[in-house]
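# Remarks on the overall topology
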Amino acid sequence: MKSILLVIITFFLVFNVSAQEVKYGSLSKFLASGKVNGKTRLYFMATDNDASLTDYNATALGAGIAYSTPTFKGFSAGMSGNFIVNLHSSDLSILDPATQNPSRYELGLFDVTEPEKKTNLTRLENLWIQFEKENFKLKYGQYTPTYLFINPQDGRMSPTMVRGFEGNYKTDKSNLMVAFIHGISPRSTVSWYKVSDTFGIYPSGRATDGTAGNYQGNINTAGIVLAEWNQKIEKAIQLKVGSMSVLNVFQTWYTTIGLAENGWKLNVMGIYQHPLNPESNQSYIDKDEKALVFSGQIAKKINKWDASFNYTRIADKGRFLMPREWGREPLYTFLPRERNEGSADTHAASIKVKNTLTEALSLNLGFGKYWLPNVSNASKNKYAMPSYNQLNLEANYTFNGWLKGGSIKTLFVRKTETEDSYENPKVIFNKVNMNTLNIIFNYTF
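In this numbering scheme, every chain counts its residues from 1 along its sequence in written order. Reporting in this predicted model follows two pLDDT cut-offs: at least 70 for local features of residues, and 80 or more for side-chain atom pairs to be given and counted; totals over whole chains, interfaces and linings ignore these cut-offs and use all residues. With hydrogens and water set aside, each side-chain value is computed from the structure's full complement of heavy atoms.

## Topic: the overall build of the chain
Put simply, DSSP marks the helices as runs of H or I at least four residues long and the strands as runs of E at least two long, and each gets a number from the N terminus on. Broken down by element type, the chain carries 3 helices and 19 strands. The C-alpha atoms of the chain give 23 Å as radius of gyration, which agrees with the globular expectation for 445 residues (22 Å, within 12%). Once the C-alpha set of the chain is aligned to its principal axes, its extents read approximately 75 × 50 × 45 Å. Within the span of the chain, comprising 445 residues, buried residues form 50% of the whole. Note on contacts: a residue pair is in contact if any heavy atoms of the two residues lie within 4.5 Å. Long-range contacts, defined here as pairs at least 24 residues apart, represent 61% of the contacts in the chain between residues at least 6 apart. Note that accessible areas follow from Shrake-Rupley with a 1.4 Å probe, and for residues the cover is restricted to the protein chains shown. Carbon together with sulfur atoms contributes 59% to the accessible area of the chain, which is approximately 20,900 Å² in total. His is not counted, nor are the chain ends, whereas Lys and Arg count as positive and Asp and Glu as negative. The location of each charge is read from NZ of Lys, CZ of Arg, CG of Asp or CD of Glu. The chain carries 48 positive and 38 negative side-chain charges, and their two centres are separated by 8 Å. Radius of gyration here uses only the C-alpha atoms, and the compact-globule reference equals 2.2 Å multiplied by the residue count raised to the power 0.38. Buried, partly exposed and exposed residues are distinguished by accessible area as a fraction of the type maximum, computed with a 1.4 Å probe on protein chains only: under 20%, between the cut-offs, and over 50%, respectively.

## Some words on a nonpolar patch on the surface
On the surface, Phe136, Leu138, Phe165, Tyr169, Leu176, Val178, Trp229 and Val241 cluster together into a nonpolar patch covering about 710 Å² of accessible area. Secondary structure elements with two or more residues in the nonpolar patch: β5 (136–143), β6 (161–170) and β7 (174–185). The partly exposed category is assigned to Trp229, whose relative accessible area is 36%. A residue counts toward a patch only above 30% relative accessible area and without a salt bridge, and it is joined to like-charged neighbours within 9 Å or, for Val, Leu, Ile, Met, Phe, Trp and Tyr, to nonpolar neighbours within 5 Å. Definition used for salt bridges: Asp or Glu carboxyl oxygen within 4 Å of a side-chain nitrogen of Lys or Arg.

## A few points about the environment of Met244
With respect to the helices, strands and loops of the structure, Met244 is situated in strand β10 (residues 237–246). A sequence separation of 62 residues divides Met244 from His182, and the C-alpha atoms of the two residues are 13 Å apart. Those residues in contact with Met244, other than ones at most four positions away along the chain, are Phe149, Ile150, Ile224, Val225, Leu226, Phe250, Gln251, Thr252, Met322 and Trp326.

## Brief notes about the pattern of salt bridges
Oppositely charged side chains are able to pair whenever their charged atoms sit close together. One pass over the structure, following the stated rule, counts 12 salt bridges. Taking the shortest distance from any N to any O, the salt bridge between Arg123 and Glu125 comes out at 2.9 Å. Judged by relative accessible area, which is 5%, Arg123 ranks as buried. With relative accessibility at 3%, the residue Glu125 sits in the buried group. Residue Lys301 is joined to Asp306 by a salt bridge in which the shortest nitrogen-to-oxygen separation is 3.4 Å. Asp306 gets classed as partly exposed once you look at its relative accessible area, which sits at 25%. What emerges from the salt-bridge pattern is a single network uniting Arg313, Asp316, Asp345 and Lys380.

## Focus on unusual backbone geometry
Non-glycine residue Asn120 carries a positive phi angle of around 60°. By secondary structure assignment, the location of Asn120 is in the loop between β3 (75–89) and β4 (121–133). Residues other than glycine seldom take positive phi values, yet Ala384 does so here, at roughly 50°. As for its position among the elements, Ala384 is in the loop between β16 (361–371) and β17 (388–398).

## Details of the pairing of β17
Pairing of β16 with β17 involves 10 bridges; the strand directions are antiparallel. Within β17, the residue paired with Leu365 across the bridge is Leu393. A pair of strands is labelled paired if DSSP reports no fewer than 2 bridges between them. Note that β17 and strand β18 (residues 406–417) share 11 bridges and pair antiparallel. Each residue of the ladder has a partner; that of Tyr397, found in β18, is Ile408.

## Looking at the packing of aromatic side chains
A ring pair, where both rings are aromatic, is described by two values, the distance of the centres and the angle of the planes. Each Phe, Tyr or Trp ring, with Trp reduced to its six-membered ring, pairs with another whose centre is within 6.5 Å; inter-plane angles below 30 degrees give stacked pairs, above 60 give edge-to-face pairs, and intermediate values give tilted ones. One pass over the structure, following the stated rule, counts 13 aromatic pairs. With 5.6 Å between their ring centres and 80° between their planes, Phe149 and Tyr254 make a pair best called edge-to-face. With Phe149 in the loop between β5 and β6 and Tyr254 in strand β11 (residues 250–261), this pair connects stretches of sequence that are 105 residues apart. Just as Phe149 is buried, Tyr254 falls in that class too. Site record: aromatic cluster; members linked through ring pairs are Phe199, Tyr215, Phe250, Tyr284 and Trp326. Its guanidinium or amino end placed over the ring of Trp128, Lys139 lies 4.8 Å from that ring's centre, counting from NZ or CZ. Comment: the charge-over-ring label is applied if NZ (Lys) or CZ (Arg) is within 6 Å of the ring centre and within 35 degrees of the ring normal.

So yeah, pure geometry; function would need other evidence.
Laid out in structure tokens, this is it:
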């Protein structure tokens with residue numbers, strides 16, 4: 001709350017002064033010269049689980065409005081808010097009888113911390129002030145993150161948002177970014193939390209000894225320090241090197257290199273992670289976990305077709321961990337509606353194909369095979385996720401004319417286990433042998 005008040009006070013101090021400028025004459029004229037944007041989303045989702053397990057469905061409606069000021073002597077500010085209404089759904093507060101687990105996907109359209117709540121789902125999202133001069137930009141407040149591991153993951157009704165500082169220094173061929181995050185409002189929630197309190201909002205899985213993850217409420221961190229350097233090398237090569245330090249919890253180093261030439265793309269990513277202060281199963285990461293991840297992609301564009309082959313290897317050095325509350329994993333093999341975070345000694349391969357039929361219509365196909373350790377091995381499989389195949393079919397249509405600004409997306413996902421050896425329904429429910437259908441209408445102005 002103190003940080004929000006600081007942004008508001010700074011906002012009015014800066015722009016009350018600007019109102020004295022001859023160009024605007026008054027504060028009201030200055031503010032009237034700003035930009036207003038709006039968004040609306042109508043989302044239908046249904047999950048068809050294995051025959052003996054519970055199915056869910058939900059329809060959500062959301063809308064938001066955003067305002068940003070003109071720039072005055074390098075300063076600008078912005079704010080936005082959003083609301084969500086549950087138009088119709090299964091009873092998302094009811095647990096599946098066989099597993100005693102809740103809906104995984106549909107509940108995420110609303111607030112996972114209050115499954116029974118259907119209205120008054122409102123959130124103040126953006127609230128920032130920014131200074132920009134020549135190659136330098138500094139922002140403070142609440143904003144949408146675009147970092148490698150902390151990102152909007154905007155596949156539900158509203159994105160992940162963060163609160164903190166971000167600074168950028170850009171030249172023609174490079175960009176240096178540093179940031180400090182001390183607050184997060186995860187996707188599928190409407191509240192703001194200290195970074196330490198976001199651990200465990202989503203399911204916590206298991207500790208390496210097989211006991212239930214017990215880190216919620218037991219994490220002590222002041223926040224997240226990010227640093228990233230992007231460098232363009234020659235015309236076709238892009239290098240990224242970065243660090244993400246969750247103070248007192250874990251450290252992640254990463255690098256990516258991309259090559260683009262004659263319609264071909266080659267992308268390679270490396271990730272190394274180690275703990276900073278592990279303590280028993282109340283810690284997020286064990287002292288012996290030092291994850292090493294490699295992910296690569298070969299892609300080709302031919303006329304209206306885009307295709308890629310992707311491969312990921314999470315080494316047998318420790319589970320790759322990253323709070324799912326913060327963003328989706330950046331691995332090239334990622335397909336929407338499942339993740340490999342929480343696993344070690346894992347292989348993944350996927351093929352993605354896109355066909356842009358017209359300016360308005362595109363079709364996407366994704367298929368992946370994911371080899372994970374046995375579900376009984378908690379030291380390598382945090383969420384007891386079985387090895388699986390995944391098929392994604394997606395169609396996107398963009399409206400023109402009277403509905404310009406509107407788009408509709410249809411996504412069908414099928415996940416199947418690759419071994420018929422698991423009788424425990426907890427290994428199946430919302431994980432494999434299931435279908436999910438998503439139909440999303442977006443309108444922005």
